[in-house]
Amino acid sequence: MSTPDHAGQGLRLAPFRGLRYVPERVGSLAAVTSPPYDVVVRPDGLRHLETADPHNIVRLILPQAATAADRHRRAADTLRRWQEEGILAPDPEPALYVYEQRGDGMIQRGLIGALRLTPPEEGVVLPHEDVMPHIVEDRAALMRDTAANLEPLLFSYRGDGTTTGAAAVIERVIRTAPLLSTTTEDGFAHRLWSVTDPDDLARIAGDLSRQRALIADGHHRWATYLRLRAEQPAPGPWDFGLVLLVDTARYPLRVRAIHRLLHKLPVADALAALGASFRVRTLDVDLPAALDALAEASRADEHGNAYLLAGDGRFHLVDRPDPELLASTVPADRPRAWRELDATVLHSTLLEHVWKVQDDPEHIGYIHETAAAVHQAERHGGTAVLMHPVHEDVVRELAEQGVTMPRKSTSFGPKPATGLVLRSLTLN
């Protein structure tokens, strides 16, 4: 990631007193963690987490009640009660936290801290996706009531590849005993260390002051941070937000697609509406083979965009869009890389023009897990639109040009586990 013009105008990651589970008061640390709120999409997944441990973090990030206001109040009451009962306790002094995830053939390490909020025009934090206002409103109400950052956002920056600065601190700290170590049911091992030494903190600060970051995961929560900061008197704790910063020169992230579930559009109707505007091939294969076919079609750049439709018990490969249709439906005032994105063509051409599907929660769901998207479509008679992931370099190129992708275009990971460290905005 390119360097800001002046030292000190880059990233500022501040230490904070982490609010963490007291291991002796819960069944296990693994049992109280959760994926990020927007990955827990299915009711059965929510129930599984709620029953894993009575103190699972999902009761704070996705509280259940009859109304939104009641949900947010319940989360605030639960957070306060857990602190009073000693379920959650603050660390004794402010720290940055080194966080490691290990599993599925990869290792990811980064720094968790309170990142100074900056407006988009400063170009220090680069979004790459649009956000949905109703989600920002919901997250803002929850954060406002709890006065806490309940889960770290995933940000990436591009270091110089050497073991200096922040990288040197991380690599030395991981050779010491961690604050916590646990393995979640997805097989990932998680470890956390605190960094409090003034020299280490200064070394990290100097390094990060020359960097800017890409929002890998957490656009809605970052927009929430910015909204709430505008409501609060400055300076204060609302000027910062909880993030995990990962140097992708050392620890590259994985990019996966986020699939669409069209609740009210049956597959037969979706196929019929395509007419001759796309090539359609029905595949008599299982899901992995169908995804292989999608990947192969997506690699054939000269033929453009490709999607898999599912929901009727089969897979339908949709590719080779009509160039004239694209020219008449895709906005021409954006870079070519944006115009050619699968998500751009899906939203501008297929959803708006061909299928005439409104982009709201009643009509479209966004699902990270491929099999879950297919299952939901088959169960409820809708259409799952399975996407191929965008390459990280494309995401970064567009972000550096100030061009945002259609919402929910990418899923970077591995995402930090929620529940290992929280940030209360009421702690000194």
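Everything that follows concerns the structure shown earlier in this document.
The following refers to the structure shown.

**Observations concerning the packing of aromatic side chains**
- By the definition in use, this model includes four aromatic pairs.
- With centroids separated by 6.0 Å and ring planes inclined at 70 degrees, the aromatic side chains of Trp222 and Tyr225 adopt a geometry described as edge-to-face. Of this pair, Trp222 and Tyr225 both sit in helix H8 (residues 219-231), three residues apart, which is roughly one turn of the helix.
- A relative accessible area of 5% means that Trp222 is categorised as buried.
- One aromatic cluster is present, formed by Phe155, Trp222 and Tyr225 through successive ring pairs.

**With respect to the pattern of salt bridges**
- All told, the structure shown has 28 salt bridges when counted by the stated rule.
- Between Arg109 and Glu171 there is a salt bridge, with its nearest N and O atoms 3.4 Å apart. Taken together, the residues Arg109 in strand S5 (residues 106-116) and Glu171 in helix H6 (residues 165-173) connect sequence positions 62 residues apart. Here Arg109 matches Glu171 in class, with each residue buried.
- Across the pair Arg203 and Asp200 runs a salt bridge, and its minimum N-O distance is 3.1 Å. Of this pair, Arg203 and Asp200 both sit in helix H7 (residues 198-208), separated by three residues, roughly a single helical turn.
- What makes Asp200 buried here is its relative accessible area of 8%.
- Here the salt bridges do not stand alone but share partners, grouping Glu100, Arg102, Arg109, Glu171, Arg191 and Arg250 into one network.

**Section: the packing of H6 against H7**
- In the contact formed by H6 and H7, the axes pass within 7 Å of each other and the chain directions differ by 140 degrees. In terms of axis orientation, H6 runs oblique to H7. Packed against H6, whose contacting residues are Gly165, Ala166, Ala167, Val169 and Arg172, the element H7 presents Asp200, Arg203, Ile204 and Asp207 at the interface.
- Among the residues making up the contact of H6 with H7, the classes are represented as four nonpolar, one polar and four charged.

**Remarks on the sheet that holds strand S15 (residues 279-283)**
- Read across the sheet, six strands follow the order S15-S17-S16-S19-S14-S18 without closing on themselves; strand pairing throughout is antiparallel. Each edge of the open sheet is held by one strand with a lone partner, namely S15 and strand S18 (364-367). Strand-to-strand twist of the sheet, defined as the mean angle between neighbouring strand axes without regard to direction, takes the value 25 degrees.
- Where S15 meets strand S17 (residues 315-319), five bridges bridge the pair, whose relative direction is antiparallel. Pairing of Arg279 across the sheet is with Asp319, part of S17.
- Lying over the sheet, helix H13 (residues 342-354) contacts strand S14 (259-262), strand S16 (306-310), S18 and strand S19 (383-386), oriented at roughly 60 degrees with respect to S16.
- Helix H14 (residues 370-380) rests against S14, S16, S17, S18 and S19 of the sheet, and its axis sits at about 160 degrees to S19.

**Topic: the nonpolar core**
- By size, the foremost hydrophobic cluster in this structure holds 111 residues, and its most contacted members are Tyr21, Ile112, Phe155, Trp222, Leu245 and Trp355.
- Top contributing element to this core by residue count: H13, with six residues.
- When near neighbours in sequence (up to four residues on either side) are disregarded, Leu245 contacts Leu11, Leu13, Gly110, Leu111, Phe155, Tyr157, Leu208 and Ala213.
- In this structure, Ala310, Ala373, Ala384 and Leu386 belong to the second largest nonpolar core, which totals 18 residues.

**Structural notes on the packing of helix H5 (residues 133-146) against H8**
- Two elements in contact, H5 and H8, have axes separated by 9 Å at closest approach and are oriented at 60 degrees. By the angle class used here, H5 and H8 are oblique. Crossing of H5 over H8 shows right-handed handedness. Along its contact with H5, which presents Ile135, Val136, Glu137, Arg139, Ala140, Met143 and Arg144, the element H8 presents His220, Arg221, Ala223, Thr224, Tyr225, Arg227, Leu228 and Glu231.
- Considered class by class, the residues forming the contact of H5 with H8 number seven nonpolar, two polar and six charged.

**Some points on the sheet that holds strand S21 (residues 422-424)**
- On the basis of which strands lie adjacent, the open sheet formed by four strands has the order S3-S2-S21-S7 and antiparallel pairing. Edge strands, defined here as strands with exactly one partner in the open sheet, are strand S3 (88-90) and strand S7 (148-149).
- Two elements, S7 and S21, share two bridges in a ladder whose sense is antiparallel. In the sheet register, Ala148 faces S21, and the bridge partner there is Ser424.

Rules used in this analysis
- Residues numbered from 1 in each chain as written.
- Predicted model: local features only at pLDDT ≥ 70, side-chain atom pairs only at ≥ 80, totals over all residues.
- Heavy atoms only, no water.
- Phe/Tyr/Trp six-rings, centres within 6.5 Å; stacked < 30°, edge-to-face > 60°.
- Helix = DSSP H or I, 4+ residues; strand = E, 2+ residues; numbered from the N terminus.
- Buried < 20%, exposed > 50% of the residue type's maximum accessible area, 1.4 Å probe, protein only.
- Salt bridge = Lys/Arg side-chain N within 4 Å of Asp/Glu carboxyl O.
- Axes fitted to C-alpha atoms, helices over the stretch in contact; angles between N-to-C directions.
- Parallel < 35°, antiparallel > 145°, perpendicular 65-115°, else oblique.
- Contact = heavy atoms within 4.5 Å.
- Nonpolar A, V, L, I, M, F, W, Y, C, P; charged D, E, K, R; others polar.
- Pairing = 2+ DSSP bridges.
- Core = buried A, V, L, I, M, F, W, Y, C linked by side-chain atoms within 4.5 Å.
- Left-handed = near helix turned anticlockwise from the far one by under 90°.

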